[in-house]
Amino acid sequence: MNPWFTVGLLVISNIFMTFAWYGQLKLSEMKVITSNTPLIIVILLSWCVALFEYSFMVPANRYGYLGNGGHFSLLQLKVIQEVISLLVFTVFAVVLFKGESLHWNHFLAFCFLILAVYLVFMES
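Every value quoted in this text rests on a predicted model; they were computed, and no experiment measured them.

To continue, consider the nonpolar core. With ten residues, the main nonpolar core is built from Val7, Leu9, Leu10, Met57, Ala60, Phe72, Leu77, Ile80, Ile84 and Val88. At the level of elements, α1 (3–29), α2 (39–64) and α3 (74–96) are the ones that each hand at least two residues to this core. When sequence neighbours within four positions are dropped, the list of residues in contact with Ile80 reads Val7, Leu10, Phe72 and Phe121.

Okay, structure coming up:
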C-alpha cells in the first residue's frame, strides 16, 4: 500500500471531521441554523457528516498500519493524523472565519509539530 494513499485518506477524513465539529459554527454565522435550532438537530447533522469522516479514517488506519502491510506504526499514524487535523483546522479557521488570524506563536507551534513528526519517524 502506498503511504501517500494513507495520508490522502487522512486528509479527506480530517476535512469531514473539521466540518462535522466546527461547520455548525459557520452555519450559525451564515444564519442557516440559529441559536433556536435544537441541539439534537445540530448533533445529528454533525453525526451525518462524521459518518463520512469515519469512512475515510478507518481505511486509512487499516491500510496504513504496519501490522496490516502498511508503512506506519500506530504512533506514526496518530502523529500524522494530528498534524493533518491541525493543518486542516487552521485552513478552515483562517479561510471561513475571517476574524481568526495566525500569529508568531502559531507558527512556532507548527514548527514543533514538524519536530514531533521528525521525532516519531526517527530510528531509536
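Looking now at α1. With 27 residues, α1 should cover 39 Å at 1.5 Å per step; its first-to-last C-alpha distance of 38 Å lies within 8% of that length. For α1, the principal kink sits at Tyr22 and spans about 55 degrees. Buried residues along α1 sit in contact with α2 and α3. For α1, the capping residue at the N-terminal end is Asn2, with a side-chain oxygen 2.8 Å from the backbone nitrogen of Trp4. Taken from the residues just after α1, Lys31 is the one with a positive phi, measuring 65 degrees.

The rules behind the values
Residues numbered from 1 in each chain as written. Predicted model: local features only at pLDDT ≥ 70, side-chain atom pairs only at ≥ 80, totals over all residues. Heavy atoms only, no water. Core = buried A, V, L, I, M, F, W, Y, C linked by side-chain atoms within 4.5 Å. Buried < 20%, exposed > 50% of the residue type's maximum accessible area, 1.4 Å probe, protein only. Helix = DSSP H or I, 4+ residues; strand = E, 2+ residues; numbered from the N terminus. Contact = heavy atoms within 4.5 Å. Expected span 1.5 Å × (residues − 1). Bend = angle between axes of the 7 residues up to and from the residue. Polar contact = N/O pair within 3.5 Å; in protein donor to acceptor, adjacent residues only side chain to side chain.

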